[in-house]
Amino acid sequence: MNDLTATREQRTAALEGMGCKRKRVEDIRFTQGKGNYVDDLKLPGMLHGDFVRSPHAHARVKSINSEEALKVPGVLAVITAETLKTVNLAWMPTLAGDVQMVLADGKVLFQNQEVAFVVATDRYAADDGINKVVVEYEALPVVIDPFKAMDKDAPVLREDLAGKTTGAHGPRKHHNHIFEWSVGDKDLTDAAFRKAEVTIKEMISYHRTHPSPLETCQCVCSFDKIKGELTIWGTFQAPHVIRTVVSLIAKLPEQKIHVISPDIGGGFGNKVGAYPGYICAAVASIVTGKPVKWVEDRIENLTATSFARDYHMTTEIAATKEGKVTGLRVHVLADHGAFDACADPSKWPAGFFNIVTGSYDFPVAHLTVDGIYTNKAPGGVAYRCSFRVTEAAYCIERAMDILAQKLDIDPAELRLKNFIQPQQFPYHSALGWEYDSGDYHTAMRKMMESTDYAALRKEQAEKRAAFKRGETREIMGLGVSFFTEIVGAGPSKNCDILGIAMFDSCEIRMHPTGAGIARVGSKSTGQGHETTWAQIIATEIGIPADNIMVEEGNTDTAPYGLGTYGSRSTPVAGAAIAMAARKIKAKAQMIAAYKLEVHEDDLEWDIDGFRVKGLPEKTMSMKDICWAAYNSVPPGMEPGLEAVSYYDPPNMTYPFGAYLCVMNIDVDTGVYKIRRFYALDDCGTRINPMIIEGQVHGGLTEAFAIAMGQEIRYDDEGNVVTGSFMDFFMPTAVETPHWETDFTVTPSPHHPIGAKGVGESPNVGGVPAFSNAVNDAFSFLGSTHIQMPHDYWRNWRAAKSLGVFA
Ligand code: CDP
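How each quantity is defined
- Per-chain numbering applies: the sequence of each chain, read as written, is numbered from 1 onward.
- Side-chain atom pairs in this predicted model are given and counted only at pLDDT of 80 or more, local residue features only at pLDDT of at least 70, and totals for whole chains, interfaces and linings cover all residues.
- Only heavy atoms go into the side-chain values, all of them from the structure, while hydrogens and water stay out.
- Secondary structure elements are taken from DSSP: a helix is a run of H or I of four residues or more, a strand is a run of E of two residues or more, and numbering for both begins at the N terminus.
- When we talk radius of gyration, it's over C-alpha atoms, and the globule rule is simply 2.2 Å times the number of residues to the 0.38.
- Three labels apply to residues, based on accessible area from a 1.4 Å probe with only protein chains included: buried if under 20% of the type maximum, exposed if over 50%, partly exposed otherwise in between.
- Residue contacts are defined here by distance: any two heavy atoms, one from each residue, within 4.5 Å place the two residues in contact.
- Under the convention used here, a 1.4 Å probe and the Shrake-Rupley method define accessible areas, while residue burial counts only the protein chains that appear.
- In this tally, Lys and Arg are treated as positive and Asp and Glu as negative; His is ignored, and so are the chain termini.
- Taken as the charge centre is NZ of Lys, CZ of Arg, CG of Asp or CD of Glu, depending on the residue.
- Residues are classed as near a molecule or strand on a simple rule: at least one heavy atom within 4 Å of it.
- Definition of a polar contact: a pair of N or O atoms within 3.5 Å, with one able to donate and the other able to accept a hydrogen when the atoms are protein atoms, and with sequence-neighbouring residues admitted only if both atoms are side-chain atoms.
- Each residue gets one label: Ala, Val, Leu, Ile, Met, Phe, Trp, Tyr, Cys and Pro are nonpolar, Asp, Glu, Lys and Arg are charged, and the others, such as Gly, are polar.
- Here, the term nonpolar core denotes a set of buried Ala, Val, Leu, Ile, Met, Phe, Trp, Tyr and Cys residues that are joined through side-chain atoms within 4.5 Å.
- To count toward a patch, a residue needs a relative accessible area over 30% and no salt bridge; like charges are then connected within 9 Å, while nonpolar side chains (Val, Leu, Ile, Met, Phe, Trp, Tyr) are connected within 5 Å.
- Salt bridges, as used here, are contacts in which a Lys or Arg side-chain nitrogen is within 4 Å of a carboxyl oxygen on Asp or Glu.
- Aromatic pairs are defined between Phe, Tyr and Trp rings, using the six-membered ring for Trp, whenever the two ring centres lie within 6.5 Å; interplanar angles under 30 degrees are classed as stacked, those over 60 as edge-to-face, and all others as tilted.
- Consider the ring centre and the ring normal. A charge sits over the ring if Lys NZ or Arg CZ is within 6 Å of that centre and within 35 degrees of that normal.
- Angles run from 0 to 180 degrees between N-to-C directions of axes, and those axes are lines fitted to C-alpha atoms, restricted for helices to the stretch in contact.
- If an angle is under 35 degrees, it is roughly parallel; if it is over 145, roughly antiparallel; if it lies from 65 to 115, roughly perpendicular; otherwise it is oblique.
- Left-handed describes a crossing whose near helix is turned anticlockwise from the far helix through less than a right angle; right-handed describes the clockwise counterpart.
- At least two DSSP bridges between two strands are needed for those strands to be called paired.

Asker: Quick question: what am I supposed to make of the overall build of the protein chain here?
Answerer: Looking only at helices and strands, the protein chain has 20 helices and 34 strands in total. Since a compact globule built from 806 residues should have a radius of gyration of about 28 Å, the 28 Å found for the protein chain is in line with a globular shape. Overall size of the protein chain, expressed as C-alpha extent along the three principal axes, is 85 × 75 × 50 Å. Burial status across the protein chain gives 64% buried among its 806 residues. Within the protein chain, contacts between residues separated by at least 24 positions form 80% of all contacts whose residues are at least 6 apart in sequence. A total accessible area of about 29200 Å² is found for the protein chain, and carbon and sulfur atoms account for 54% of it. Taking the average place of the 81 positive charges on the side chains of the protein chain and the average place of its 100 negative ones, the gap between the two points comes to 1 Å.

Below is the structure:
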């Protein structure tokens, strides 16, 4: 029976369900150094593998000589493309429909490309072996600039594609061209531009960067020759997909592959794809019969396994003189590096970039994206973003500011004038999406009131006047950003990975004592799923969250799921959890009715159990129902209390937010100071406000890094010049500004608990807020658009180009 002495509030609080700031249960082990990461794994007889990598960005490989390497004590094998060809694994398929060399086959196409894999008894011996492998290269001309890659006489990068005029996404129009993707109505959009009273056009670049999780990519592969089984422990954000990919390319039966993702130290998209290290470690284990560990170092991670962004977006807006937008035209040159290994759902070569109309009611729009090969690392991962959404948000949010500047309208006012109205939801965008819900005006006005936006603009005007009078060398910028995200990939009607629909899953087993275990197809890389998934179940079935254990990441025990990236966990796995819990509750209701000797319809749910309608003292708690499920179920009913749900979402979810960055910049040094950063997020129903705040803090910190300095940069020879944390900006608590967070709640109408994703939002909305602040600061000196990243040096250079040094 329920505890009748407890108040309703006490019973609700005891559950620690949705809305509660429940402390992160996983932190008990993390804060005590008891996490269990891949590199903690030590198996008997385990070997170590490491790569010989190319110093060249483009070169022919004339020969590889392993003789001396094999004499190094401890070195057991040197695997090359020739070795891999014997098992048909020299090349592997990418998620984007291209193929990628596992080890250099005839030539190398980017600096630090994997050339040979040295296997040894320990990591030091493997490194010594690497130094003894002799590779003869013949350097070839290098293409780093994606615009130059499309020149008629640009060097041919992918000789393996010679003569192929069609790729995975349609015709190729040049030897370094991958695909052209276009969306929207070109004729109507062109007509809107012909009729426009005002237009703007700007080439807005989003530079190449990298997710750089603190734990790099790594794995341990162990092949059991007797059973013919391969076990892989790895840093995988999507373990089931890895199992299927390994089965398909290694031709091993899928039931004989066991993939385990233990604790993971950050993913941010970097750990979605399959990398040569995984294939080589698996082959090495099959060849040697011993477990083989591969652990990337930092330079390898930054230079070889994936990248993010590298989008060059020529953006045009058509508008009336009053500032009402009438059309949007965007052309993107997308630099994919040497292989098209973007981690996007199969049908979306440019991810969800067609969310580029943002939060605004564009009647017409047209978008084209050209994917291009260059001599850079492949990847194109969704670095804390949902498949190119952050590029899209940056593009439209910069463009709206540029339009505001041209029309001399306040950027916040321009946005308010063009927002999709609350009554327009569900809203069909000109580029094909159906936005589920939103109340943009309320969010924007709350931001403006909370920050006293009007007073800040007044202060800025005074500062500008003082600058012009020569009384200060400091300029002030207000960076407004209003973003709409698209998260929760996704509905099977338009999202799959390698043909597998992007559903997600949950299995719940309740034990007799009123405790249970939930196994979920998502995989936390630090987001706190063990805490929040239990909160959903607690609210749904009235069992305290502390009594629910959450398990993810083991393909033998978790139901098949598509993993965690692009903030899809809450929209898809979170929904599967609620649906599985509701199946438990439905069976529980039948058991309670039987035990209370009433009809099921005479029962109503009450926080932590059922009660008979009109007889509040006649109750049965969920805890008691769990016990009854194992000893006295109704005749004909199977005992036990378990349920599984595979959830195929009917739509994505569309979180949004209003951000403001207040920044001062010293024009003589380029040094900036972030005075304030306010972030209002609306992610629908909030499961755990404390975790949401943590997600926003983390995402804003990454946005700050990207906008203000983090970059993977190449010189003309294709050398990566930002290949370590000495040069690649990784902010610490010292540089990171203070974050002010806020929220509104607009539930998703189609999600079982009304929740939308949140993890990516601060990165998506944060980058334009920082960049708009810098651009806003300089705008009164005559500048229209300054490219990111906005480090001190570039700010100083911008000031210089605007003539502030007499
Ligand atoms: O897919 P990923 O876990 O990276 O992103 P998410 O779905 O946005 O969730 C990140 C974390 O925030 C999870 O622990 C969620 O449970 C939590 N969250 C929440 O408490 N309420 C929401 N409406 C959305 C996410």
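Next comes the rest of the write-up.
Asker: When you look at the side chain of histidine 336 in this model, what are you seeing that I'm missing?
Answerer: Note on placement: histidine 336 falls in the loop between β18 (325–335) and β19 (365–372). A residue is classified by how much of its surface remains accessible, and histidine 336, at 1% relative accessible area, is buried.

Asker: What exactly am I supposed to notice about the site of the ligand here?
Answerer: Not every one of the 24 residues close to the ligand is listed here, only the nearest: His529, Ser569, Thr570, Thr685 and Val758. Contact distances for the ligand include 3.2 Å between a nitrogen atom and a backbone N or O atom of cysteine 683. One of the backbone N or O atoms of valine 758 is found 2.6 Å from an oxygen atom in the ligand. Surface burial for the ligand is 99%, taken as the share of its 520 Å² of free accessible area covered by protein chains. At the level of secondary structure, the elements contributing two or more residues to the shell around the ligand comprise α15 (529–541), α16 (569–596) and α18 (689–708). Classifying every residue of the shell around the ligand by side-chain character gives eight nonpolar, 13 polar and three charged.

Asker: What exactly am I supposed to notice about the nonpolar core here?
Answerer: For soluble globular proteins, nonpolar side chains are generally found buried alongside one another. Within the largest apolar cluster, 188 residues are counted, with the highest numbers of intra-cluster contacts made by Phe353 and Phe770. At 12 residues, the largest contribution of residues to this core is made by helix α11 (residues 389–407). Residues contacting phenylalanine 353, with those up to four places away along its chain left out, are Tyr311, Met313, Val330, Val332, Leu367, Phe387, Arg388, Glu391, Ala392 and Cys395. Judged by nonpolar contacts, the second largest core, of 47 residues, contains Met510, Val612, Ile625 and Tyr647.

Asker: Where do I start with the environment of aspartate 504 in this structure?
Answerer: By secondary structure assignment, the location of aspartate 504 is in strand β25 (residues 504–510). By relative accessible area, aspartate 504 is classed as buried at 0%. In the structure, aspartate 504 is positioned 145 residues away from proline 649 in sequence and 8.8 Å away in space, judged by C-alpha atoms. Not counting chain neighbours up to four residues away, the residues in contact with aspartate 504 comprise Gly521, Ser522, Gly561, Leu562, Gly563, Arg568, Val572, Ala573, Ala576, Ser645, Tyr646 and Tyr647. Separated by 3.1 Å, the side chain of aspartate 504 and the backbone nitrogen of leucine 562 make a polar contact. At 2.6 Å, the side chain of aspartate 504 forms a polar contact with the side chain of arginine 568.

Asker: Help me out: how do you make sense of a negative patch on the surface in this one?
Answerer: A surface patch of negative charge is lined by Asp122, Asp127, Asp128 and Asp297. Here aspartate 297 shows up in the loop between β16 (292–295) and α10 (298–303).

Asker: Looking at this structure, how should I read the packing of aromatic side chains?
Answerer: Where two aromatic rings form a pair, the distance of their centres and the angle of their planes describe that pair. Using the criterion set out here, one finds 40 aromatic pairs in the structure. Aromatic pair phenylalanine 51 and phenylalanine 117: ring centres 4.9 Å apart, planes at 55°, arrangement tilted. One end of the pair, phenylalanine 51, is in strand β1 (residues 47–53); the other, phenylalanine 117, is in strand β7 (residues 114–120), and 66 residues separate them in sequence. Among the residues examined, phenylalanine 51 registers a relative accessible area of 3% and is labelled buried. For phenylalanine 117, a relative accessible area of 0% corresponds to the buried category. Plain terms: the ring middles of phenylalanine 704 and phenylalanine 770 are 5.6 Å apart, the flat faces sit at 50° to each other, and that makes the pair tilted. Remark: phenylalanine 770 occurs in helix α19 (residues 761–779) and phenylalanine 704 occurs in helix α18; sequence separation between them is 66 residues. Every member of this aromatic cluster is reached through a ring pair, and the members are Phe483, Tyr659, Tyr672, Phe677, Phe704, Phe729, Trp739, Phe770 and Tyr792. For arginine 329, the ring lying beneath its charged end belongs to phenylalanine 193, and the centroid distance is 4.1 Å. Geometry around phenylalanine 743 places arginine 686 over its ring, the cationic atom sitting 3.7 Å from the centre.

Asker: It is not clear to me how the packing of α18 against α19 should be interpreted in this structure. Could you clarify?
Answerer: The relative placement of two packed helices comes down to the angle between their axes together with the axis-to-axis distance. Orientation of α18 relative to α19, taken along the N-to-C sense of each, is 40°, at an axis distance of 8 Å. Relative to α19, the element α18 is oriented oblique. Like other packed secondary-structure pairs, α18 and α19 cross with a definite hand, here right-handed. Contacts from Gln695, Val696, Gly699, Leu700, Glu702, Ala703, Phe704, Ile706, Ala707 and Met708 of α18 reach α19 at Pro762, Asn763, Gly766, Val767, Phe770 and Val774. Split into classes, the residues belonging to the contact of α18 with α19 amount to 11 nonpolar, four polar and one charged.

Asker: How do you make sense of the packing of helix α12 (residues 411–418) against helix α13 (residues 440–451) when you look at a structure like this?
Answerer: In the contact formed by α12 and α13, the axes pass within 10 Å of each other and the chain directions differ by 165°. One way to sum up the angle between α12 and α13 is to call them roughly antiparallel. The hand of the α12/α13 crossing is left-handed. Each of Ala412, Glu413, Arg415 and Leu416 in α12 lies in contact with α13, whose residues at this interface are His441, Met444, Arg445 and Met448.

Asker: Quick question: what am I supposed to make of the sheet that holds strand β2 (residues 59–65) here?
Answerer: Strand pairs in the sheet, formed through backbone hydrogen bonds, run parallel or antiparallel to each other. The three strands are arranged β6-β2-β8 in an open sheet whose pairing can be described as antiparallel. The outermost strands of the open sheet, each flanked by one partner alone, are β6 (107–108) and β8 (134–139). Here β2 pairs with β6 via two bridges, running antiparallel. Across the sheet, the residue bridging to arginine 60 is lysine 107, located in β6.

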